[in-house]
Amino acid sequence: MDCLFCKIVRGEIPSKKIYEDEHTYAFEDIDPKAPTHVLIVPKKHIVGLKEASPEDAEIIGRCHLTAAHIGKQRGIENGYRTVLNVGPDSGQSVFHMHVHLLGGRKLTWPPG
Ligand code: AMP
Ligand code: ZN
């Protein structure tokens, strides 16, 4: 499939891999907004949260559990954030669902 993150999962486009299991793949964001900025994607192509179906519930949960695993591994459990941008106004620019894991600095609230 002609999708940037599917190509990253398949290794056709290079990425700095952080973690991989049967269902999820995690890699460094190319334009980091925090000392830790990792993207976690389902290996299955899902366009976005609003396009997800009930059968995707488990994989959406798994993406978040992968984020928690990396947060623990990185020692940033004092405070990190998982973010799912949904739709153009949120800034979603890649239409293969992904969870941002941001941490390693004090995060402001609310996000912009
Ligand atoms: P979003 O704006 O939520 O769709 O997030 C897309 C993210 O993908 C942005 O934070 C980009 O910096 C990141 N990104 C785009 N292309 C690449 C790439 N080739 N490798 C790693 N991250 C990327
Ligand atoms: Zn894809």
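Below or above, wherever it landed, is the structure these notes cover.

What counts and how
Residues numbered from 1 in each chain as written. Chains lettered and ligands numbered in written order. Predicted model: local features only at pLDDT ≥ 70, side-chain atom pairs only at ≥ 80, totals over all residues. Heavy atoms only, no water. Helix = DSSP H or I, 4+ residues; strand = E, 2+ residues; numbered from the N terminus. Expected span 1.5 Å × (residues − 1). Buried < 20%, exposed > 50% of the residue type's maximum accessible area, 1.4 Å probe, protein only. Arc of directions from axis to C-beta. Contact = heavy atoms within 4.5 Å. Pairing = 2+ DSSP bridges. Axes fitted to C-alpha atoms, helices over the stretch in contact; angles between N-to-C directions. Near = heavy atom within 4 Å. Polar contact = N/O pair within 3.5 Å; in protein donor to acceptor, adjacent residues only side chain to side chain. Areas by Shrake-Rupley, 256 points an atom, 1.4 Å probe, with all protein chains shown as cover.

All right, on to helix H2 (residues 57–74) then. With 18 residues, H2 extends 26 Å between its outermost C-alpha atoms, agreeing within 8% with the 26 Å of an ideal straight helix rising 1.5 Å per residue. When we look at burial in H2, the residues that qualify are Ile-59, Ile-60, Cys-63, Thr-66, Ala-67, Ile-70 and Gly-71. The buried side chains of H2 occupy one side of the element, clustering within an arc of 140° when seen end-on. Residues Glu-58, Leu-65 and Lys-72 are exposed on H2 and point more than 90 degrees away from its buried face. Buried-residue contacts for H2 involve strand E1 (17–20), strand E2 (24–28), strand E3 (36–42), strand E4 (80–83) and strand E5 (99–103). Trailing H2 by a residue or two, Gly-75 shows a phi angle of about 70°, which is positive.

With that settled, the discussion passes to the sheet that holds E1. The strand order E1-E2-E3-E5-E4 describes an open sheet built from five strands, whose pairing is antiparallel. Each edge of the open sheet is held by one strand with a lone partner, namely E1 and E4. When strand polarity is set aside, the average angle formed by the axes of neighbouring strands in this sheet is 20°. In the sheet, E1 pairs with E2 via three bridges, with the strands oriented antiparallel. Among the inter-strand pairings, Lys-17 is bridged to a residue of E2, identified as Phe-27. This element, H2, spans E1, E2, E3, E4 and E5 of the sheet and lies at about 150° to E3.

This part is about the site of ligand 1. As a matter of local geometry, ligand 1 sits amid 16 residues, with Asp-29, Asn-85, Gly-91, Ser-93 and His-100 nearest to it. Val-94 is positioned such that a nitrogen or oxygen atom in its backbone is 3.1 Å from an oxygen atom of ligand 1. A distance of 2.9 Å separates an oxygen atom of ligand 1 from a polar atom in the side chain of His-98. Protein coverage of the free-state accessible area of ligand 1, which is 510 Å², stands at 83%. Within the residue set of the shell around ligand 1, elements represented by two or more residues are helix H1 (4–10) and E2. The greatest single-element share of the shell around ligand 1, amounting to three residues, is contributed by H1.

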